[in-house]
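In case you want the letters, here they are:
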Amino acid sequence: MKQEYDGIGVTLQSGISEEGDYRTLRAGFIAGQNFDNDRLKVVFSADYSDNTGVPDIYSRDWGREEWMIVSNGQRATNGGPAYILAPNVHNSLGQGGVITSNIPGLYNMTFNSDGSLRPFDKGAIFGGSTMIGGEGTSIITDTALVPAVERLTTYGSAYYEFSNSLTGYIEGGYSWSKGTLEGVPIRLSSITIQRDNAYIPPEVLALLPATTTSFTMSRIATDVRNNLYEITNATPHGVVGLKGSFADTWKWDAHVSYGVNNYASRTYYNPISANLGFAVDAV
């Protein structure tokens, strides 16, 4: 925001965390010069930075301990608090899916990669979509701890002294930033599988009662990419004005200014509910 600068100043900066992430690059400069016996003062500057952010909790020692708050769904029997902060917290939805219908031989069963059944290793304390212990990974696997941010800022000004009591000026600039964040894995807490689904393994069909037309299951979709959020802000602005003084003690400033903020929020890899429904109801 300097109105006067003589010469060129440059800033170069880089950094990285000891974990090998959070890489930051920054480059900027300011340049200025006076003309017409110092009556015209011109300044221009620009600054650019790029930060790669921090990946998920598994990139840190404390994160690999998988700490999280779990809703204690067994509070009535274990006498514990409603919420428990604990390590070794995993998602209870199942990487390969967990059958949640109360059907003998199928309840709490999950699928191996070849489609065969096995019991799901469920934690001792669970609630919602998390559990303490059991199999699987955290419910925020691949979710960024710190978003990546890229930013550009430019500024320029010109001041001209017509006299000791009158100055004309022009100022303007442009700021732009983009932040990106890897969101949470897709959580499917209740999926209805119809009996005529073409992909039901024979082992499951054999255990379905003849009168049962469907069953429910849960799943956390770690085999597809997490949602990706992108936020951009662009702000051009400018001012044209005159300022001056009179009677030694009075100052005045008259100007016209313009500014606008262009904001956009975009989500990528977000499931289309209708298409997801068609995929689940494969016949």
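Above this note sits the structure.
Per chain, residues are indexed from 1 in the order of the written sequence. Residue-level local features of this predicted model are given only where pLDDT is at least 70; pairs of side-chain atoms are given and counted only at 80 or more, and the full residue set underlies all totals for whole chains, interfaces and linings. No hydrogens and no water enter the side-chain calculation; it runs on all heavy atoms of the structure.

**Section: the overall build of the chain**
Part 1 of the argument: For the chain, the helix and strand inventory stands at three helices and 18 strands.
Part 2 of the argument: We compute the radius of gyration from the C-alpha atoms alone; for a globule the expected value is 2.2 Å times N to the 0.38, where N is the number of residues. In terms of overall size, the chain is more extended than a compact globule, its C-alpha atoms giving a radius of gyration of 30 Å where 283 residues would be expected to give roughly 19 Å.
Part 3 of the argument: Its C-alpha atoms put the chain at 95 × 40 × 35 Å along the principal axes.
Part 4 of the argument: With a 1.4 Å probe rolled over the protein chains alone, any residue whose accessible area is under 20% of its type maximum counts as buried; one over 50% counts as exposed, and the rest are partly exposed. Here the chain holds 283 residues, and 35% of them are scored as buried.
Part 5 of the argument: Two residues form a contact once any of their heavy atoms are found within 4.5 Å. Pairs at least 24 apart in sequence give 65% of the contacts found in the chain among residues at least 6 apart.
Part 6 of the argument: The method behind every accessible area is Shrake-Rupley, applied with a 1.4 Å probe, and residues are considered shielded solely by the protein chains displayed. Total accessible area computed for the chain in this model is approximately 16600 Å², and 57% of it derives from carbon and sulfur atoms. Only DSSP runs of H or I reaching four residues or more are called helices, and only runs of E reaching two or more are called strands; each is numbered from the N terminus.

**So, the side chain of Asp21**
Part 1 of the argument: With respect to the element layout, Asp21 can be found in the loop between strand S1 (7-15) and strand S2 (24-35).
Part 2 of the argument: According to the relative accessible area criterion, Asp21 is buried, its value standing at 10%.
Part 3 of the argument: Definition of a polar contact: a pair of N or O atoms within 3.5 Å, with one able to donate and the other able to accept a hydrogen when the atoms are protein atoms, and with sequence-neighbouring residues admitted only if both atoms are side-chain atoms. Looking at Asp21, its side chain comes within polar contact range of the side chain of Ser17, at 2.5 Å.
Part 4 of the argument: Among all residues touching Asp21, those that are not within four sequence positions of it are Ile16, Thr52, Gly53, Val54, Pro55, Ser59 and Arg60.

**Here's the deal with the layout of surface pockets**
A water-sized probe rolled over the atoms picks out the places where empty space is left.
Part 1 of the argument: Put simply, the grid is 1 Å and covers the protein atoms alone, a cavity is a trapped set of points that fit a 1.4 Å probe, a pocket is an open set with protein on both sides within 12 Å along at least five of seven lines, and lining residues have an atom within 4 Å of a point. Grid points are joined across faces, edges and corners, and a volume is the space filled by probe spheres set on the points. Approximately 690 Å³ is the volume attributed to the largest pocket.
Part 2 of the argument: Contributing to the lining of the largest pocket are 25 residues, with Ile191, Ile193, Met217, Arg219 and Val280 lying nearest its centre.
Part 3 of the argument: Those elements giving two or more residues to the lining of the largest pocket turn out to be strand S14 (186-194), strand S15 (214-221) and helix H3 (273-280).
Part 4 of the argument: Of the residues that constitute the lining of the largest pocket, the class distribution is 19 nonpolar, three polar and three charged.
Part 5 of the argument: Considered as a void within the structure, the second largest pocket measures approximately 230 Å³ in volume.
Part 6 of the argument: Along the walls of the second largest pocket sit 14 residues, with Ser45, Ala46, Asp47, Thr153 and Tyr155 positioned nearest its centre.
Part 7 of the argument: Contributing elements (two or more residues each) for the lining of the second largest pocket: S1, S2, strand S3 (40-51) and strand S12 (148-163).
Part 8 of the argument: A total of four residues in the lining of the second largest pocket trace back to one element, the largest contributor, which is S2.
Part 9 of the argument: Amino acid classes used here: Ala, Val, Leu, Ile, Met, Phe, Trp, Tyr, Cys and Pro are nonpolar; Asp, Glu, Lys and Arg are charged; the rest, including Gly, are polar. Along the lines of polarity and charge, the residues of the lining of the second largest pocket split into five nonpolar, seven polar and two charged.

**Structural notes on unusual backbone geometry**
Part 1 of the argument: Positive phi outside glycine occurs at Asn108, with the angle close to 65°.
Part 2 of the argument: Among the secondary structure elements, Asn108 is positioned in the loop between strand S7 (98-99) and strand S8 (109-111).
Part 3 of the argument: Here Asp248, not a glycine, exhibits a phi torsion of approximately 70°, which is positive.
Part 4 of the argument: The residue Asp248 is located in the loop between strand S16 (228-246) and strand S17 (250-259) in this model.

**Some words on the environment of Asp50**
Part 1 of the argument: Assignment of secondary structure puts Asp50 in strand S3.
Part 2 of the argument: Assessed through its relative accessible area of 21%, Asp50 is described here as partly exposed.
Part 3 of the argument: Those residues in contact with Asp50 that sit more than four places away from it in its chain are Arg23, Thr24, Leu25, Val149 and Glu150.

**Some points on the sheet that holds strand S11 (residues 130-132)**
Part 1 of the argument: Two strands form a pair only when DSSP identifies at least two bridges running between them. Spatial ordering of the open sheet is given by S6-S11-S10, a layout of three strands whose pairing is antiparallel. A strand with exactly one partner marks an edge of an open sheet, and here the two such strands are strand S6 (89-91) and strand S10 (125-127). Between one strand and the next, the sheet's axes are offset by a mean angle of 25°, whatever the strand orientation.
Part 2 of the argument: Sheet topology note: the S6/S11 ladder contains three bridges and is antiparallel. Paired with Asn91 across the bridge in S11 is Thr130. In this analysis, axes come from line fits to C-alpha atoms, helices being fitted only over the stretch in contact, and the angle between any two N-to-C directions falls in the range 0 to 180 degrees.

Any link to function would need more than the numbers given here.
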